[in-house]
Every structure is written in C-alpha cells, then in structure tokens.
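Next come the chains, spelled out residue by residue.
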Amino acid sequence: LENEEMETSDIQIFYKEEPDYQNLSQNSSPPSEVSHTYSPLKPRNYQLELALPAKEGKNTIICAPTGCGKTFVSLLICEHHLKKFPQGQKGKVVFFAIQVPVYEQQKSVFSNYFERRGYKVAGISGETSENVSVEQIVENNDIIILTPQILVNSLKSGTIPSLSVFTLMIFDECHNTSKHHPYNMIMFNYLDQKLGGSSDLLPQVVGLTASVGVGDAKNTAEAMEYICKLCASLDTSVISTVKENLQELTEVVYKPEKDFRKVESWTTNSFKYIISQLMRETQSLAKSILDELGTTTVENLSHIQNQDFGTQKYEQWIIAVQKACVVFQLPDKAEESRICKALFLYTSHLRKYNDALIISEHARIKDALDYLKDFFNNVRAAGFDETEQDLTRRFEEKLQELESVSMDPSNENPKLQDLCFILQEEYHLNPETRTILFAKTRALVDALKKWIEENPKLSFLRPGILTGRGKTSSNTGMTLPAQKCALDAFRTDGDNRILITTSVADEGIDIAQCNLVILYEYVGNVIKMIQTRGRGRAKGSKCLLLTSDADVIEKEKINMYKEKMMNDCILNLQAWNEAVFKEKIHQIQIHEKFIRDSQGKAEPVLDKKNKKLLCRKCKAFACYTADIRVIEECHYTVVGDAFKECFVCEKHPKPKSFGSFEKRAKIFCAGENCRHDWGIYVKYRAFEIPVIKIQSFVVEDIATGVQTLYAKWTDFHFEKIPFDAAEMPQ
Ligand SMILES: [Zn+2]
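Only a predicted model underlies this, so the values are computations on that prediction, with no experimental measurement involved.

Conventions adopted
Residues numbered from 1 in each chain as written. Predicted model: local features only at pLDDT ≥ 70, side-chain atom pairs only at ≥ 80, totals over all residues. Heavy atoms only, no water. Helix = DSSP H or I, 4+ residues; strand = E, 2+ residues; numbered from the N terminus. Buried < 20%, exposed > 50% of the residue type's maximum accessible area, 1.4 Å probe, protein only. Contact = heavy atoms within 4.5 Å. Areas by Shrake-Rupley, 256 points an atom, 1.4 Å probe, with all protein chains shown as cover. Salt bridge = Lys/Arg side-chain N within 4 Å of Asp/Glu carboxyl O. Pairing = 2+ DSSP bridges. Axes fitted to C-alpha atoms, helices over the stretch in contact; angles between N-to-C directions. Parallel < 35°, antiparallel > 145°, perpendicular 65-115°, else oblique. Left-handed = near helix turned anticlockwise from the far one by under 90°. Donors = N, O, S within 2.8 Å, 3.2 Å for Na, K, Ca; no water. Tetrahedral: all angles 85-135°; square planar, octahedral: opposite > 155°, others 65-115°. Expected span 1.5 Å × (residues − 1).

Points about the overall build of the chain
So, step 1. If you tally the helices and strands in the chain, you get 22 helices and 24 strands.
So, step 2. Taking all 730 residues of the chain together, 55% fall into the buried category.
So, step 3. Summarising the internal contacts of the chain: among those between residues at least 6 apart in sequence, 73% fall at separations of at least 24.
So, step 4. Of the accessible surface of the chain, which amounts to about 32400 Å², a share of 52% is contributed by carbon and sulfur atoms.

So, in structure tokens, the structure goes:
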C-alpha cells in the first residue's frame, strides 16, 4: 500500500523538493509554548544550558526531546547573536524549516518576538518564492526564515553569491543533513568555501533536533562514526544536551515507557481463502498470455509459487512484473497494445486483491470487502473493456460468499478484539484518556475509524483521523486546512477522544495532551520512535505497541537499543577534548569533499537521439522527445498540434494555482478504453498547455526499439529544451 503512494504521486508542482520531504511535519514545540514565547517569558534553566555553547559562538547541534521548547532556545541564541555586534556592524540570521507549516509557524514566532525589539523579520517559502527578489529580502532584513531549497536555488543561480552574507544559520530538524537533502547541499557550499581556503567569514551553524540518529549502526563504534559524520556535515564542534538540569527537563517533558503487547491473529481467515483463489485465477490468466507468447516475462511469473499473498513482498513483486510487462514488444503493434493492456489490468487487479488481504489482516473483513467493492465500482465507471468485464464477473461470482463471510460474527478479527479490550480497559481506568492510534496505511486508518464508529462497545469514542497530504490513486490526501481542523477538533472537542493517524504523518506533528499512544503494527526507525514518544506528553502517559508478530517486538527492541547506543555515544563524544574532536571532524570533511568532487565529474551522458513516448498502459504513441519542452527546469510539456489528438481532458475537481501555474484539468490517454492518467492541463502565463509525468509513459528508442521506464524526469537524460514562448502559436 505504501509503495502505491509513491508510485502514483501526483505531479509535484507544489515544491521542487523530492516528495519525501512532503510529509506533514510540525513545529518542534507545542503551541502553548509557542504562544508563551510571544511574551518575554523567563527561560527555563535547561533552555539556558542548551543555548550556552551556541552563545559562545560554537557551531552546535542542540539535541533535546520533542516538546522541550527548542524554538525558544533558538530565539535566545538568535537574540544574543544579534546583540553582540558592536555599533556599526550587523548580524544576519537565517532560519531553515523543511516543511511549509513549520515555516509559517516559525515565521510568526520570530516576527512576534523580534519585531518589537526593533529587528526586521521576513520569510520566503517555496510557495511565495515567485515574483520576490530573494537577494533583496536577504539584504533588507535581519532575520530571514527560509525553506532550504530557496537558498540552494539562489546559491546555484548566483543571486546569493556566498553564505558569508549570513552570520548565523539555524537548521531545524537538522538530522536531515545527509545525502542530497537541501540542507546538505547548503552545507556542501559552506564546506567547499571553508576547505577551499576562502578568507571570507563563514556563518556560525546551529542545528536543532530531537534525535541525531545512528543510521544502520550495529554497534557503538558504527554509531560513533555516524554521529561524527553528521557533525562533520554541519561543521559542528559541540553537541549540546541537557545534563545539569535533567530533573527540570523530566518535569516538563515526560517520556512514556514503551510497552509491548503481543496480540492474537487469525487462525483461519475464510476471506483470505476466497481472495487467494481469485488471485491464483488472475495470475494464471496473465501467465497463459505470456506462455502463449513464450516471452521472458514468464520467468518473472514462474516464481509465483514462492509468493505469499497479502504481504508487502507480494506487492513489490507484482510491481516488478507490471514493469516487465509494460516494456514487452511484438511486431504486430495492435496485438501488442491489446496484450499489454490485458497484462496491465491483471496486475492492477492483483495489487488491489493484495491490498484487501492486508486490510483484512489488521481490520475487519467488511472493510477489506468494501475496499474491493469500491475498486470494482470505479472500474465499471471507467473504460470497462472485455478483460475488465471478465475480471469483474469472476469477482461477482464470489461476492455472495464474501458478503456472508464478512457478516458472520464468528469471523471477527481476533486482533481487533484485543484492541477493543485494551481501549475499554484504558478508558475504564481513566475516563479522561485521550488516545492517538498509529496505523500503517491510509486504507487502514479509514477502516479502523469505521470499525470504532460501528462498534457499540466503543461508542464513547468519537474518532477523528489525520493523514498525510500525499495522494494515491484511490485516496486524495488531506489538505493542510483539513489537517489543522482535525488537530483542533482533537485538542478542543472533549468528545473527540481518539485520533487515528498514519505513519506518513508522524514526524513532529504536535498533538498536546494525549496520554495513550497505541502503535498498531507500527514500527519506525529510531528518530521516528522518539518523536512518536514525544506525542504522549501528558503525565502518566503510556505507549503501547500492539502486534501479532514477534519479529516486530524484536525490531522495536533493537530500536530501543539503538537509542541507548546513541545516548552513550553522545556522552562519550562530549567527554572528548574539543581540539581532538575538531581534528576528527576536519578529517571526515576532507574525505567527504574528495569523494564529492570525484563523483561530480561523472556527469550523466546526454542521449541526443530522438525517442518515442508511448502510453504505459495501452502502448499507444504519444509524442517524440524532440517535442518536449521544459518549464522552470522541472515541468514537462509537449508542443505541436499532433499531441492534442492523443489525450482527453477532464475538468480537475479542485483547480488550483501554484506559482505561475493554474491547474485546470487532468489529462488521460485518448486510446480507446484506456484513459490512463497522463498528467494535468494547466494555464501557464498566457498558454493553456499539458504537463505530463514520465511515469505514465514508456520510452522507446526509434532505431533499436529498446524500451525503458523512468520514474522521474531527472533520471531520463535526453536533450531537454527549455520552454520558449516565441515558439507557441499566438
Ligand atoms: Zn493509453
């Protein structure tokens, strides 16, 4: 299910970052504390302790639990920094926030705090960057709040010539400074300047995080390397944690201990039995086509016997098969189109069946069945060709039986019985309990909500839901206002006692006053875990991991071990002599720069040969790469009248503007009965143009006929011609 979210994500017009960073992430301090910072609040002793090394001018990573008021610590550092300059000199601070909601929040906190003190505060985010001069805003303000990609772009284009314009840089959620994250791109620039022997002064660097993490480290030595590497990336010389005022900290941030509950799972699942049969049937239909053709794709399908239905592994496998089928070719093109489409449909149906099995594993059979009925209703409403009719008929033959299985009270999911018992018990012990329930996928969140609403034993809970903003083919994500609304309802509405949320929405969302966190078959990495724990902020709160899988409990114990390793390593590093630590960091920086420089030389080879784009579903010809034009380096359109015949438009349910774009419609393959989603239709300046996504197409080399699939335009190295208004018909 999670893979699907990645596969079918909509065109990224919102931000120019990768979709990974689009998860909802909120401020690192709760709203109650944020509002405190508007007034000259007295800092807590541990906040002064955390701020000390940075006030001394040292490059610092401040590592302290979610909810302890790191934002306030950064205000203290910032204020001290700006005041220390003698008459005639000025400091300039930049604060980075990865997510737009965090950006908005920090901007208002900084404005409120500093504007009355006579400093100028401004901000630029991905959404406001059009039509503003970054250079001027940086020039005219003392504190600038940015989403990091803005600065990456400005450094690249030269509008900001050097990081030396700043005197202090603050990175929120600084553990992200790795790989190709925009944070790291900024620090590459910094380190190139530092190691390149430039005489310009570089800004002080401060990072904020709840957890530095340990990556894949299996022992203390590896964890140590990992943390040193993060410090090297941020040019850190001190890791600041609370040591002197631990007592005070634990009074403010209560970290619930994690408990494990092994719950029962199905002994016999009749639903699974019937669906598995349908899956075997569908698989053999696909296999018979391939056998007949004697293609190599059979080898992919021949592992069928080893595949377990209803697993993430099956999901990955079916996606691989789908990809193999799409690039399959025949001399007779009409035949090829027919076969490719049939294979596409078989594999899509198999994925849906697999999804339904996962739902039935963790929720009710009814929920899984509803999910399938929804899917078949949609199939019926769209193209509905022969293959689809056949598959629908096969499903409908079993429908009666599936309905009666789902209605049979003896088929209640034992796992839900356990969950129900736990909830009843907790609310009996403390009727004021407020719960956050984490579940793996969005489909599961919906299913659990319905289950609670329809369960008379849990009628006292009025569940709310909170999911991420990403979209899938079957679900539109929650919008930011909808997310805020759900959170507000949970905070203020006394009847709304439980909030169900997905793992996609877990990083740093701030939900005050919940005292029970239930992780329902949910495992995360060490950073995620600490932040999830931060959710349960009320005193006496509990965190329960519910799973039927002993391995999951084992994994979670490893995570706890990793957390302990991390804390040990930090203590160890803090005991080092500062000069020794700096030398170690310097060596890592030199080594990393060497690797970076030698890799940078291997630019991807441009393939200038013209290529065909074919519909990924029906293989119909769409356009040539020579007709593709690139807008603002990341959006792709097709010029010429011929292409207009190849797609059909459907009014977009939610037309929206992004920067210079106005989303008008969705576009689909015009091929008979195909209607594959190709992208969107936008108004861009004076032009109405299609914007296509490469994951909807197969690329075919004209000379050799070789077909290739790309998930992202950036992976496809063809000659990219910039959009030119003069070329367009007036
Ligand atoms: Zn098509």
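What follows picks up the thread again.
Considerations on the pattern of salt bridges
So, step 1. Here the structure, examined in full by the defined rule, presents 41 salt bridges.
So, step 2. Residues E403 and K373 are paired through a salt bridge, measuring 2.8 Å at the closest nitrogen-oxygen approach. Residue E403 is located in helix 16 (residues 386–407), and its partner K373 is located in helix 15 (residues 365–381); the two are separated by 30 residues in the primary sequence.
So, step 3. In this structure, K609 and D701 form a salt bridge, with 3.8 Å as the shortest nitrogen-oxygen distance. Taken together, the residues K609 in the loop between helix 22 (578–600) and strand 14 (611–615) and D701 in strand 22 (residues 697–701) connect sequence positions 92 residues apart.
So, step 4. D701 sits in the buried class, given a relative accessible area of 8%.

Side note on the sheet that holds strand 13 (residues 542–547)
Across a sheet, strands are paired by hydrogen bonds formed along the backbone, either parallel or antiparallel in direction.
So, step 1. On the basis of which strands lie adjacent, the open sheet formed by six strands has the order 8-13-12-9-11-10 and parallel pairing. Each of the sheet's edge strands pairs with one partner strand only, and the pair in question is strand 8 (258–262) and strand 10 (463–466). Direction aside, neighbouring strands of the sheet carry axes that sit 20° apart on average.
So, step 2. Pairing of strand 10 with strand 11 (residues 498–502) involves four bridges; the strand directions are parallel. Looking at strand 11, one finds that P463 is bridged to I498.
So, step 3. This element, helix 17 (residues 414–429), spans strand 8, strand 9 (435–439), strand 11, strand 12 (516–520) and strand 13 of the sheet and lies at about 175° to strand 12.
So, step 4. The strands touched by helix 21 (residues 550–574) are strand 8 and strand 13; relative to strand 8, the strand with the most contacts, the crossing angle is about 165°.

Section: the packing of helix 3 (residues 45–55) against helix 4 (residues 70–83)
So, step 1. As a packed pair, helix 3 and helix 4 sit with axes 9 Å apart at the nearest point and diverge in direction by 40°. Taken together, the axis directions place helix 3 and helix 4 in an arrangement best described as oblique. Here helix 3 and helix 4 pass one another in a crossing that is right-handed. Contact with helix 3, carried on its side by Q47, L48, L50, A51, A54 and K55, involves F72, V73, L76, I77 and H80 of helix 4 and no other residues of that element.

A closer look at the coordination of the zinc ion
Note on metal geometry: ideal angles are 109.5 degrees for four donors arranged tetrahedrally and 90 or 180 degrees for six donors arranged octahedrally.
So, step 1. Around the zinc ion, the protein contributes the donor atoms C615 (SG), C618 (SG), C669 (SG) and C674 (SG), at 2.2 to 2.4 Å from the metal centre.
So, step 2. Considering all four donor atoms around the zinc ion, the spread of angles at the metal, 105 to 114°, places the coordination shape in the tetrahedral class.
So, step 3. Mapped onto the polypeptide sequence, the residues donating to the zinc ion form the spacing pattern C-x2-C-x50-C-x4-C. Residue C618 is located in the loop between strand 14 and strand 15 (621–624), and its partner C674 is located in the loop between strand 19 (661–669) and strand 20 (677–684); the two are separated by 56 residues in the primary sequence.
So, step 4. By relative accessible area, C618 is classed as buried at 5%.
So, step 5. Given the relative accessible area of 3%, C674 is considered buried.

So, the sheet that holds strand 24 (residues 721–722)
So, step 1. Ordered by their spatial adjacency, three strands build an open sheet running 17-16-24, and the pairing between neighbours is mixed. At either margin of the open sheet sits one strand with a lone partner, and together these are strand 17 (635–638) and strand 24.
So, step 2. Relative to strand 24, strand 16 (residues 628–631) runs parallel, the two being bridged by two bridges. Paired with R629 across the two strands is I721, which belongs to strand 24.

Description of the pairing of strand 14
So, step 1. By the criterion of burial, strand 14 is predominantly enclosed, with four of the five residues buried.
So, step 2. Strand direction decides the pairing type here: strand 14 and strand 22, joined by five bridges, are antiparallel. Counted as the bridge partner of L614 is V698 from strand 22.
So, step 3. Relative to strand 15, strand 14 runs antiparallel, the two being bridged by three bridges. By the bridge assignment, L614 is partnered in strand 15 with F621.
So, step 4. Taking the residues that link successive antiparallel strands as the turn, the strand 14-strand 15 hairpin has five residues, and the phi of K619 there is positive, at about 70°.

Re helix 7 (residues 148–157)
Since the α-helix packs 3.6 residues into each turn, any two residues three or four apart lie on the same face.
So, step 1. Counted residue by residue, helix 7 has seven buried out of 10 residues, so it is predominantly covered.
So, step 2. Those residues of helix 7 not exposed but buried are P148, Q149, I150, L151, V152, S154 and L155.
So, step 3. Those residues of helix 7 hidden inside the fold are in contact with strand 2 (93–96), strand 3 (121–124), helix 6 (134–140), strand 4 (143–146) and helix 8 (182–195).
So, step 4. At the C-terminal side of helix 7, G158 shows a positive phi close to 90°.

Describing helix 13 (residues 312–326)
So, step 1. The first and last C-alpha atoms of helix 13 sit 21 Å apart over 15 residues, in line with the 21 Å expected at 1.5 Å per residue.
So, step 2. For helix 13, every residue scored as buried is listed here: Y314, E315, W317, I318, I319, V321, Q322, C325 and V326.

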